[in-house]
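Below are the chains, spelled out letter by letter.
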Amino acid sequence: MRTFDLTPLYRSAIGFDRLAQLLNDSARGDATPSYPPYNIELVSEDQYRIVMALAGFDRSEIDITSERDSLIVVGRKQRDGVERTYLHRGIAARDFEQRFQLANHVKVTGASFDNGMLTIELVREVPEALKARKIAIDGVASNVSALEQQAA
């Protein structure tokens, strides 16, 4: 019983198709990749940080791509051509592709790679035109200017 009836959402909310699609995709039971391990941190109200442990990778073997509403981190390990015999292999230096869904207006501001840890900085920047504002009733302009002055 992993299906959701989203009909009530469609009756009272407009433009939440993407949210409904995300819910349906997550309910499909697709296993989320566990490699490489990562943390997602809330730095401040509108700032986030993704930290990925990439032991054995070099900076040149990692690609970070930001497309509209997703962040894609790809690691392609270069083979050195040396044949090795392992008694125990605990370092999984294998190729990977990790995708993160980004909310509206979340932008990647930077990335760094230090001591095998990839850090990606993100920030939510809501444009001024999309922020909440008061609407005057009957078009009385004095109400609008007074409310805008209070907000400033």
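Right above here is the structure, for reference.
Below is a short write-up of the structure. For every chain, the first residue of its written sequence is number 1, and the numbers climb from 1 along that sequence. Note on the predicted model: pLDDT of at least 70 is required for a residue's local features to be given, and 80 or more for side-chain atom pairs to be given and counted; whole-chain, interface and lining totals, by contrast, use all residues. Computation of side-chain values: all heavy atoms of the structure, hydrogens and water removed.

Salt bridges are identified by distance alone: a Lys or Arg side-chain nitrogen within 4 Å of an Asp or Glu carboxyl oxygen. Summed over all chains, the structure comprises six salt bridges. Note that Glu 41 is salt-bridged to Arg 49, the shortest N-O span being 3.2 Å. Throughout this description, buried means an accessible area under 20% of the type-specific maximum (1.4 Å probe, protein chains only), exposed means over 50%, and partly exposed covers the range between. On the accessibility criterion, Glu 41 (29% relative accessible area) is partly exposed. Among the salt bridges present, the one from Glu 97 reaches Arg 99, with a minimum N-O distance of 3.0 Å.

To continue, consider the sheet that holds strand 6 (residues 106-114). Any two strands with at least two DSSP bridges between them are considered paired. Secondary structure elements are defined from DSSP: runs of H or I of at least 4 residues count as helices, runs of E of at least 2 residues count as strands, and each element is numbered from the N terminus. Judged by pairing direction, the sheet is antiparallel, and its four strands sit side by side in the order 1-2-7-6 without closing on themselves. Edge strands, defined here as strands with exactly one partner in the open sheet, are strand 1 (38-44) and strand 6. Averaged over all neighbouring strand pairs, the angle between strand axes comes to 20°, with direction disregarded. Where strand 1 meets strand 2 (residues 47-53), six bridges bridge the pair, whose relative direction is antiparallel. Bridge assignment links Ile 40 to a residue of strand 2, and that residue is Ile 50. Note on method: axes are straight lines fitted to C-alpha atoms, helices fitted across the in-contact stretch only, with angles between N-to-C directions ranging 0 to 180 degrees.

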